[in-house]
Amino acid sequence: MVNSPPLAVDLLQRCGSSPCNRNVTYRGLILVLTFFCYASYHLSRKPISVVKSVLHRNCSNLIRPPKYANDTDNWCSWEPFEHDNYEQLLGSLDYVYLFSYAISMFISGHIAERMNLRTYLTLGMFGSGILTAAFGMGYYWQIHSLTYYLGVQVVGGFFQATGWPGVVACVGNWFGKGKRGFIMGVWNSHTSVGNILGSVIPGVFVDKQWGLSFIVPGIIIFCMGIIVWLFLVPSPEDVGCEDPDQVGNQKPQEKVVRTWEGLVNGNRNVESESAKLLENEDGVATEHATAPHHGAQAISFLSALRIPGVIEFSLCLFFAKLVSYTFLFWLPNYINHTGANYDPEQAADLSALFDVGGIVGGIVAGVVSDYTGARAATCLVMLTLAAPMMFIYEAYGNQNLTLYIVLLLLTGAIVNGPYALITTAVSADLGTHESLHGNAKALATVTAIIDGTGSMGAALGPLLTGLIVPTGWKNVFYMLIGADICALLFLIRLVVKEFKKSSCCRVDAILDDEPDLVGSRT
């Protein structure tokens, strides 16, 4: 179904008269717009990790006596986080949000495939902005009820789940498979950019008025939602542009239509050819092997699970995202409590370096996977390096500031590289898998399954961290290393499959270059 373009897009129609110029213009717009769109999502979910360090503080180090409920300018720990079990209470803010996010993600992909993505993203951003600001208003409204903050986190997780399936589906609609790893690796830096801004902006207010640490990011994502409503074009067909997979190539379903026409005209010999055209790489025939595609329909949840690689990458992301989100939600707190007397603002600034490294790691993973054609092997190598890197960071990071910065950058790059690759290029590849025969209505569903499964791990990581922290941060890192090893184990079958496929391609290339060898074999 073709959706009507947004009103402000009329301005872009004057950018060029040729189809080429219009395609380039719109693709550039989609990349930039979805980049800042999802950066604002991460910007609005990051403040809680920055504010944790002031919701419970060491009151003995403060000149003013601790007061909780009556004076916003004269307080130590914020009720209800002043008790000895504050780690569990702060951890509960993370995992109720993340479990809500993960569960909503599976629903989100289903809805996104059946709704105008521009409307869907706009509503999600409006809701996320309002809920983020509502958490910060608890400071000014003197709310000290744990139920209130947990409720805001749960509803906020629901709205945040609209972001990822929506933006990946938009980008997947506009860009083909050619250099998807590089393009989406660069584009995926929005996650780290959002995390960095979500550390720096709240860090400005955290010591004096932590409520603004939430209210300002909430206003930003709300305003970004208005821009998305005015300018986002979810699909090329909405503005008469070319489908990226049609340029210079014929879609598999077009071949099937011709084959079907041959059958109708009496050419029965092409029946077996038609069936072959509709087999995927694992030899699994689709349900309608000889019928044409008259219109793409959204696929079911179970059909998406049958796409080769979806289950393995989903389970891998479960553990990879567990590691990444534990750093996302607990790193400022870890730096503040284990560093060389860093205050909350300094800890927030230092934690941003983890995401700076993540930008580089995501781009490197995308470029390498494009060059080698081996997405799973690229992830496996980086996951293998991540385990010793986390051990080194925990053991030697606090020796001096320079070493700390270097190790934090390297850890961020290696930990976030596989996570970035799976949630972008891999998800887009599987959402446009050849077994789907050009049906783009699977993108959001596949993305939601993979990222939803990963988000369950993202919820489990902070939960386990809150329980393990009282026994020491070293044990937290042991847990993260174990999760990293589990992630790489789920990729072994896919890596073997990639290796066999690569070997077969090399053998075919040799045979093509050596005609005499072919003749001797025949």
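Above this text is the structure in question.
All figures in this text were calculated on a predicted structure; none of them were measured in a lab. (Residues numbered from 1 in each chain as written. Predicted model: local features only at pLDDT ≥ 70, side-chain atom pairs only at ≥ 80, totals over all residues. Heavy atoms only, no water.)

### Digging into the pattern of salt bridges
Under the counting rule described, the total for this entry stands at five salt bridges. One salt bridge in this structure joins Glu394 and Lys474, with 3.3 Å as the shortest N-O distance. Within this pair, whereas Glu394 is found in helix α15 (residues 375–396), its partner Lys474 is found in helix α18 (residues 473–489), the two being separated by 80 residues in sequence. Residue Glu394 is classed as buried on the basis of its relative accessible area, which comes to 15%. The class of Lys474 is partly exposed, set by a relative accessible area of 41%. (Salt bridge = Lys/Arg side-chain N within 4 Å of Asp/Glu carboxyl O. Helix = DSSP H or I, 4+ residues; strand = E, 2+ residues; numbered from the N terminus. Buried < 20%, exposed > 50% of the residue type's maximum accessible area, 1.4 Å probe, protein only.)

### As for the environment of Met137
Tracing the backbone shows Met137 in helix α4 (residues 117–140). In this structure, the C-alpha to C-alpha distance between Met137 and Phe214, residues 77 residues apart in sequence, is 8.2 Å.

### Section: the environment of Ile363
Position of Ile363 among the secondary structure elements: in helix α14 (residues 344–372). Judged by relative accessible area, which is 25%, Ile363 ranks as partly exposed. Here the alpha-carbon distance between Ile363 and Trp187, two residues 176 residues apart in the chain, equals 8.5 Å. If we ignore the near neighbours within four places in the chain, the residues touching Ile363 are Gly185 and Val186. (Contact = heavy atoms within 4.5 Å.)

### Thoughts on a negative patch on the surface
On the surface, a cluster of negative charge is contributed by Asp207, Asp343, Glu345 and Asp349. When you line up the elements, Asp349 lands in helix α14. Given a relative accessible area of 37%, Asp349 falls into the partly exposed group. (Patch = residues over 30% accessible without salt bridge, like charges linked within 9 Å, V, L, I, M, F, W, Y side chains within 5 Å. Areas by Shrake-Rupley, 256 points an atom, 1.4 Å probe, with all protein chains shown as cover. Lys, Arg positive; Asp, Glu negative; His and termini not counted. Charge placed at Lys NZ, Arg CZ, Asp CG, Glu CD.)

### Details of a nonpolar patch on the surface
Taken together, the side chains of Ile103, Ile107, Ile111, Met115 and Leu123 make up a nonpolar region of the molecular surface, amounting to roughly 420 Å² of accessible area. No other element matches helix α3 (residues 86–112), which puts three residues into the nonpolar patch. Within the secondary structure, Ile103 is located in helix α3.

### Remarks on unusual backbone geometry
With an omega dihedral of 10 degrees, the bond running from Glu79 to Pro80 counts as a cis peptide bond. Tracing the sequence through the fold places Pro80 in the loop between α2 (47–55) and α3. You will see that Gln142, though not glycine, has its phi angle at about 55 degrees, which is positive. Its place among the elements puts Gln142 in the loop between α4 and α5 (146–160).

Fair warning: the whole summary comes from geometry, so function is off the table for now.
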